[in-house]
Amino acid sequence: MTEQENNKSFDWVYYVLGLFFGILTTSAITLSFGWLLFGGLLGFIFGAVFLKSIVKDRQY
């Protein structure tokens with residue numbers, strides 16, 4: 001496995017953390033199921049933006 005493939009193998013962690021903490025943050029505000037889904041989606045998007053804009057240029 002090349003170094004590039006090794007770095008990409010843990011991308012899913014950012015998506016899962018964004019989803020989890022988006023739902024967790026929304027649940028602290030409200031417990032409505034619709035808003036929990038919206039918070040999870042928003043956290044997932046923020047995780048993707050973080051991964052694509054900040055982490056992609058990181059040197060290991």
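Look up: the structure comes first, before these words.
Here the residue numbers are simple positions, counted from 1 along each chain's written sequence. Local features are withheld for residues below a pLDDT of 70 in this predicted model, meaning they are given only at 70 or higher, and side-chain atom pairs are given and counted only at 80 or more; totals for whole chains, interfaces and linings count all residues. Where side-chain values are given, they derive from all heavy atoms of the structure, hydrogens and water being excluded.

A. Fine view of helix α3 (residues 33-55). What counts as a helix is a DSSP run of H or I of at least four residues, what counts as a strand is a run of E of at least two, and both are numbered from the N terminus. In a helix, the anticipated span is given by 1.5 Å times the number of residues less one. A rise of 1.5 Å per residue sets the reference length of α3, with its 23 residues, at 33 Å; its end C-alpha atoms lie 31 Å apart and thus fit the reference within 8%. Residues of α3 that are buried: Leu36, Gly39, Gly40, Gly43, Gly47, Leu51 and Val55. Summary of the burial criterion: residues with accessible area below 20% of their type's maximum are buried, those above 50% are exposed, and those between are partly exposed, where the area comes from a 1.4 Å probe applied to protein chains only.

B. Representation of a nonpolar patch on the surface in the model. Surface patches are drawn from residues lacking salt bridges whose relative accessible area is over 30%; two like charges belong together within 9 Å, two nonpolar side chains (Val, Leu, Ile, Met, Phe, Trp, Tyr) within 5 Å. Under the convention used here, a 1.4 Å probe and the Shrake-Rupley method define accessible areas, while residue burial counts only the protein chains that appear. Put simply, a salt bridge is a Lys or Arg side-chain nitrogen that is within 4 Å of an Asp or Glu carboxyl oxygen. A cluster of nonpolar side chains, contributed by Leu19, Ile23, Leu41, Phe44, Ile45 and Val49, occupies part of the molecular surface with about 490 Å² of accessible area. Elements with a contribution of two residues or more to the nonpolar patch: α2 (11-29) and α3. The element best represented in the nonpolar patch is α3, accounting for four residues. Relative to the elements of secondary structure, Ile23 occurs in helix α2.

C. Quick look at the packing of aromatic side chains. Each pair of aromatic rings taken from Phe, Tyr and Trp, with Trp reduced to its six-membered ring, is defined by centres within 6.5 Å and is described as stacked if the planes are under 30 degrees apart, edge-to-face if over 60, and tilted in the remaining cases. Tallying each qualifying case throughout the model produces four aromatic pairs. Note on Tyr14 and Phe50: the rings are 5.8 Å apart at their centroids and 45° apart in plane angle, and the pair reads as tilted. Linking Tyr14 in helix α2 with Phe50 in helix α3, this pair joins segments that are 36 residues apart in sequence. Residue class for Tyr14 comes out partly exposed when judged on its relative accessible area of 24%. The exposure class of Phe50 is partly exposed, given its relative accessible area of 36%. Aromatic side chains Trp35 and Phe38 sit 5.6 Å apart centroid to centroid with 85° between the ring planes, which places their arrangement in the edge-to-face category. Of the two residues, Trp35 and Phe38 both sit in helix α3, three residues apart, roughly one turn of that helix.

D. Region of interest: the packing of α2 against α3. Where helices are involved, their axes are fitted lines through C-alpha atoms of the stretch in contact, as for all axes, and angles between N-to-C directions lie from 0 to 180°. Relative to each other, α2 and α3 sit at 145°, their axes nearing to 7 Å. Crossing angle aside, the handedness with which α2 passes α3 is right-handed. From α2, Asp11, Tyr14, Tyr15, Gly18, Leu19, Gly22, Ile23, Thr26 and Ser27 reach across to α3, where they touch Trp35, Leu36, Gly39, Gly40, Gly43, Phe44, Gly47, Ala48, Phe50, Leu51, Lys52 and Val55. If you view the pair so one helix is near and one far, a crossing is left-handed when the near helix is turned anticlockwise from the far one by less than a right angle, and right-handed when it is turned clockwise. Between two residues, a contact is recorded if the distance between any of their heavy atoms is within 4.5 Å.

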